[in-house]
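Listed below, chain by chain, are the residues.
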Amino acid sequence: KQKKRHMGDTKHFCPVSLKENFVLYPGLQEYAAKYKEKIYYFSTSENRDKFLKNPEEYVAHKEPLQAPPLRVCLLGIHGAGKSTCARQIADKLGIFHIQFEEYLQELILPKTKKKVGPSFDEDREDDKKLPEELEDFSQTITKTKTDKSKQEVQLTDEEEAIKANLMDDMELPPKVLDKIVPDWWKKEPFRSTGFILDGFPRTSDEGSYLSVQGLCPDVAVCIQVEEEDILDRLFPLRLKQWKDRRRKKKEYKKMLKELKAKKRV
């Protein structure tokens with residue numbers, strides 16, 4: 001049985017990870033060092049070497065070391081009620097609510113001009129295409145469509161990856177995640193306030209990404225919901241969207257009919 005050790009200011013957490021990344025990362029006994037009769041554990045041998053070169057930078061002086069704020073990852077399938085729960089938790093604890101999919105939408109919205117993905121009404125080109133016999137008659141409409149196509153903006157590789165993720169659930173490459181996720185741990189105002197991250201990570205690779213980057217949530221909560229409950233929650237909304245699309249299609253056909261009538265006159 002080991003004797004009780006006189007642990008350092010951060011106990012069994014790595015003081016270098018706390019200082020540099022503001023993360024409570026568990027240290028390992030094999031990466032231990034002694035300073036002023038106290039034992040410190042480190043997450044890696046590199047962090048131990050940093051500490052030994054300048055220990056005063058990582059220990060408490062006049063005041064205790066400040067612990068990082070709460071960081072929560074909230075997981076669950078689409079329709080499980082993650083956003084509703086996350087908003088309530090964020091309000092109660094005074095932390096930020098980050099809806100991951102909504103955040104991705106905002107990144108490309110200035111160029112796409114509308115939200116993309118299966119949940120949103122996508123106008124199909126074939127549905128809006130005028131018959132050939134009406135193209136000359138409706139010069140204003142065709143001119144508007146031409147001007148709109150000229151104004152289309154090219155997406156960058158990162159933006160294309162985000163759009164593919166939203167449209168087809170394609171996995172985001174690490175270079176895109178590098179520009180998004182670390183800021184919530186390392187930059188203000190999230191760094192000192194804390195957050196609940198709604199809908200991330202979604203795959204084992206994204207979970208591994210957090211681990212490799214040393215971005216550790218304090219709590220990971222997975223909401224499990226019965227399939228029937230999700231159907232009851234989502235079906236009315238999907239039915240309403242379908243009815244709206246049908247209504248718009250009827251209005252468009254009516255407009256075509258009126259154009260044909262005017263042409264005959």
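Here the structure is a predicted model, which means the values were calculated and not measured.

Attention now moves to the overall build of the chain. Helix and strand content of the chain: 13 helices and six strands. Expressed as a percentage of its 265 residues, the buried residues of the chain come to 30%. Of all intrachain contacts in the chain linking residues separated by at least 6 positions in sequence, the fraction that spans at least 24 positions is 68%. Here the chain displays about 18,000 Å² of accessible surface, and carbon together with sulfur accounts for 52% of that area.

Take unusual backbone geometry next. Cis geometry is adopted by the peptide bond preceding Pro189, which originates at Glu188 and carries an omega value of 5°. With respect to the helices and strands, the residue Pro189 is situated in the loop between helix H10 (182–186) and helix H11 (190–193). Omega for the peptide link from Phe200 to Pro201 comes to 0°, which places this bond in the cis form. Relative to the helices and strands, Pro201 resides in the loop between strand S5 (195–198) and helix H12 (204–213). A positive phi is found at Lys36, a non-glycine position, where the angle reads about 50°. With respect to the helices, strands and loops of the structure, Lys36 is situated in the loop between strand S1 (28–35) and strand S2 (38–42).

It is worth spelling out the nonpolar core at this point. Nonpolar side chains in soluble globular proteins tend to end up buried together. Counting 23 residues, the largest nonpolar core has Phe100, Val181, Trp184, Trp185, Leu197 and Leu210 as the members making the most contacts within it. Counting residues per element, the ones that place at least two in this core are helix H4 (100–112), helix H8 (157–168), helix H9 (174–178), H10, S5 and H12. Setting aside chain neighbours within four positions, we find Leu210 in contact with Cys73, Val181, Trp185, Phe200, Pro201 and Leu215. Counting residues in each nonpolar core, the second largest holds nine residues, with Ala33, Phe42, Tyr58 and Val59 among its members.

Bringing a positive patch on the surface into the picture now. A surface patch of positive charge is lined by Arg246, Lys249, Lys250 and Lys253. Mapped onto the fold, Lys250 is located in helix H13 (residues 227–264).

All chains considered together, the criterion is met by nine aromatic pairs. Where Phe100 meets Phe200, the ring centres are 4.6 Å apart and the plane angle is 40°; that geometry is what we call tilted. Here the residue Phe100 occupies a position in helix H4, and Phe200 occupies one in the loop between S5 and H12, the gap between them amounting to 100 residues. As far as burial versus exposure is concerned, Phe100 and Phe200 are alike and both buried. Ring geometry for Tyr103 against Trp184: centres 5.2 Å apart, planes inclined by 75°, an arrangement best described as edge-to-face. Here the residue Tyr103 occupies a position in helix H4, and Trp184 occupies one in helix H10, the gap between them amounting to 81 residues. For Trp184, a relative accessible area of 1% corresponds to the buried category. Chaining the aromatic ring pairs together yields one cluster made of Tyr35, Tyr40, Phe42, Phe51 and Tyr58.

Taken together, the side chains of Leu70, Ile89, Leu93, Val219 and Val221 present a nonpolar region at the surface, about 340 Å² in accessible area. Taken together, the elements giving at least two residues each to the nonpolar patch come down to helix H3 (82–93) and strand S6 (219–222). For Ile89, a relative accessible area of 33% corresponds to the partly exposed category.

Below, the discussion takes up H8. Here H8 spans 16 Å end to end across 12 residues, near enough to the 16 Å set by a 1.5 Å rise per residue. Considered for burial, the residues of H8 that qualify are Glu159, Ala161, Ile162, Asn165 and Leu166. An end-on view of H8 places all buried positions within 160° of arc, on one side of the element. Along H8, the residues that are exposed and aim more than 90 degrees away from the buried face are Asp157 and Asp168. Where the residues of H8 are buried, they touch H4 and H9. Just downstream of H8 lies Asp169, where phi reads positive at about 60°.

About the cut-offs
- Residues numbered from 1 in each chain as written.
- Predicted model: local features only at pLDDT ≥ 70, side-chain atom pairs only at ≥ 80, totals over all residues.
- Heavy atoms only, no water.
- Helix = DSSP H or I, 4+ residues; strand = E, 2+ residues; numbered from the N terminus.
- Buried < 20%, exposed > 50% of the residue type's maximum accessible area, 1.4 Å probe, protein only.
- Contact = heavy atoms within 4.5 Å.
- Areas by Shrake-Rupley, 256 points an atom, 1.4 Å probe, with all protein chains shown as cover.
- Core = buried A, V, L, I, M, F, W, Y, C linked by side-chain atoms within 4.5 Å.
- Patch = residues over 30% accessible without salt bridge, like charges linked within 9 Å, V, L, I, M, F, W, Y side chains within 5 Å.
- Salt bridge = Lys/Arg side-chain N within 4 Å of Asp/Glu carboxyl O.
- Lys, Arg positive; Asp, Glu negative; His and termini not counted.
- Charge placed at Lys NZ, Arg CZ, Asp CG, Glu CD.
- Phe/Tyr/Trp six-rings, centres within 6.5 Å; stacked < 30°, edge-to-face > 60°.
- Expected span 1.5 Å × (residues − 1).
- Arc of directions from axis to C-beta.

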